[in-house]
Amino acid sequence: KQWYQRRVRGGHAEVILGQTRVLARVSALVEKPPVMRPSEGSLLFFVCFSPMASAKFTGNRTDFSTVVTRLLERTIKETRVIDTESLCIVSGEKVINLRVDLTLLDFAGNVIDASCIAAMAALSHFRRPDFVVNGEEVTVFTEKDRDPIPLSVLHIPITCTIGFAGEKILVDPSEEEESVMDGFVSIATNTHHEICYIYMGGGVTLTPALVSKCCEISSLKTQEISAQITSCLTKDATARKTSEAAEIEANKPTAISSISLQEKMDKMLVEDRTNVCETMETDDQVESAQYGSITIRYIDETETLDSGGVGTVQEKETKEPTKLATISTPEKKESFPGF
C-alpha cells in the first residue's frame, strides 16, 4: 500500500489506507500565549469530512468528525507527543501555535487510523522556522536564510481499530464490515509498547483476555507503521537533498572561456556582416558598415577580376572569402571661437 506521498513543502502527508484517503497539512502561526500557559505553544486539530468523500457526510462538520477530532487530541495532544515548551519564543509574548488540518478525500472505512497516521506523518515531516532572540528584538528567519528546524517529537502513537462481529475479530475494518460489526475498540500505542489511549464504541462487552489480545495486535501494527513512516521520511529527506544539490549545480555560473581578442573580433565581424549586409556600401573591393561612432571596413582579398577589370559578382556571392577588418573611429574636429 502506497500510503505516503511527498509534497513540495514540509508538513504535508497523504495516507491511503485501503481505499480510504486522508490528507493532512500542518501550519504554524506566531501568536500571544494564554495567561495560564505563557511559555507553551498549542496544538489544534481540525477534521473535515467533505461530501465528496462519501454521500454519508452532508457537511464538513459532522458528529463523527467531532469524535475523530477528540480521539486525535487525546492520542497526540494529551500524551504530549510534541514538546510544546520548545515552541516558546518569548515567554508571555510570542509562541508558535500549530494547526493540523485533516481532510477526508475518499471514505472506505477505518477513518480513525488513517487520520492518526496522517497527523503523525505530517507532524514528523513539518519544519518550523528558526528564530533568534536578542534582548527585546526577535528575528524569525525564512527558509532561504536558515534551514527550518523539525519539531521535537517525543514519541509516535498510532491507533489500531479492531471491530467485533459475533465471535470474529476484524482488524482495519472496511466500510462494509463497519456496517455489520457489533462494536469496535481503538487502541493507541507507541513504539515503546506503551498504551496511550483506548476508546470503545458500540455495545460489545470485552473480556480481559480479549483486551490483552487487542493490545498485542495494536503494538505490532504500531511497530510496522512507525517503521514505514521513518522510511518515508528518510527517502523524502534524501530526495530533497538530491534536488537541492542538483539545483545548486544548475545555478552555478559557467566558466568564462579564454578566447582571444582577435577571435572575438572575427566572430563579431562575421555576425555583424551577416545581420546587416543590407547597410553595407561597396567601393571596389572594400565594404564598410557604420555602427554609431565606429566604422567597420571589410576588405575582400579573394575577389577576382576579369580581363576588363570588372569584379565577378557571381563568384563573390558563391565563394566564401576570407575577411580582414579594420576598425576606425571618426576624428574629432576641434573648434575654436572665431573660426
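Residues numbered from 1 in each chain as written. Predicted model: local features only at pLDDT ≥ 70, side-chain atom pairs only at ≥ 80, totals over all residues. Heavy atoms only, no water.

Visitor: Whenever I open this one, the overall build of the chain confuses me. Can you help?
Guide: Looking only at helices and strands, the chain features six helices and 17 strands. Look at the contacts in the chain between residues 6 or more apart in sequence, and 64% of them connect residues 24 or more apart. Summing over all exposed atoms, the chain offers an accessible surface of approximately 21000 Å²; the carbon and sulfur share of this is 54%. (Helix = DSSP H or I, 4+ residues; strand = E, 2+ residues; numbered from the N terminus. Contact = heavy atoms within 4.5 Å. Areas by Shrake-Rupley, 256 points an atom, 1.4 Å probe, with all protein chains shown as cover.)

Visitor: I'm lost on the pattern of salt bridges in this one. Help?
Guide: Where charged atoms of side chains with opposite charge meet at close range, the side chains can pair. In the structure shown here, the tally under the stated rule is seven salt bridges. Linking arginine 99 and aspartate 101 is a salt bridge whose minimum nitrogen-to-oxygen distance equals 2.9 Å. Members of the salt-bridge network, linked through shared partners, are Glu14, Arg21 and Asp106. (Salt bridge = Lys/Arg side-chain N within 4 Å of Asp/Glu carboxyl O.)

Visitor: When you look at a nonpolar patch on the surface in this model, what are you seeing that I'm missing?
Guide: On the surface, a cluster of nonpolar side chains totalling about 270 Å² of accessible area is made up of Ile195, Ile198 and Met200. Along the chain, isoleucine 195 falls in strand 13 (residues 195–202). By relative accessible area, which is 47% here, isoleucine 195 ends up partly exposed. (Patch = residues over 30% accessible without salt bridge, like charges linked within 9 Å, V, L, I, M, F, W, Y side chains within 5 Å. Buried < 20%, exposed > 50% of the residue type's maximum accessible area, 1.4 Å probe, protein only.)

Visitor: So what exactly am I meant to see when it comes to the pairing of strand 11 (residues 168–171) here?
Guide: Remark: a regular strand shows side chains that alternate across the two faces of the sheet. Sheet analysis places strand 10 (residues 158–165) next to strand 11, joined by four bridges and oriented antiparallel. From the neighbouring strand, isoleucine 162 faces strand 11, where its bridge partner is valine 171. (Pairing = 2+ DSSP bridges.)

Visitor: What exactly am I supposed to notice about helix 1 (residues 63–77) here?
Guide: Think of an α-helix as turning once every 3.6 residues; residues three or four places apart then point the same way. Along its 15 residues, helix 1 runs 20 Å from first to last C-alpha, staying within 8% of the 21 Å computed at 1.5 Å per residue. Of the positions making up helix 1, those classed as buried are Ser65, Val68, Thr69, Leu71, Leu72, Thr75 and Ile76. Each buried residue of helix 1 sits inside an arc of 165° when the element is viewed along its axis, so together they form one side. Those residues of helix 1 that are buried lie in contact with strand 3 (43–49), strand 5 (94–106), helix 2 (111–125), strand 10, strand 12 (183–189) and strand 13. (Expected span 1.5 Å × (residues − 1). Arc of directions from axis to C-beta.)

Visitor: It is not clear to me how the environment of serine 124 should be interpreted in this structure. Could you clarify?
Guide: Its location among the elements puts serine 124 in helix 2. Setting aside residues up to four positions removed in sequence, serine 124 forms contacts with Val153 and Leu233. Engagement of the side chain of serine 124 in a polar contact is seen with the backbone oxygen of methionine 120, the distance being 2.9 Å. (Polar contact = N/O pair within 3.5 Å; in protein donor to acceptor, adjacent residues only side chain to side chain.)

Visitor: What is the right way to look at the sheet that holds strand 11 in this model?
Guide: On the basis of which strands lie adjacent, the open sheet formed by four strands has the order 11-10-12-13 and antiparallel pairing. Both edges of this open sheet fall to strand 11 and strand 13, since each of them pairs with a single strand only. Strand-to-strand twist across the sheet, computed as the mean angle between neighbouring axes with direction ignored, equals 20°. Sheet topology places strand 12 next to strand 13; seven bridges connect them, and they run antiparallel. Note that in strand 13 the partner of threonine 189 across the bridge is isoleucine 195. Where helix 1 meets the sheet, it contacts strand 10, strand 12 and strand 13, and its direction lies at approximately 160° from that of strand 13. (Axes fitted to C-alpha atoms, helices over the stretch in contact; angles between N-to-C directions.)

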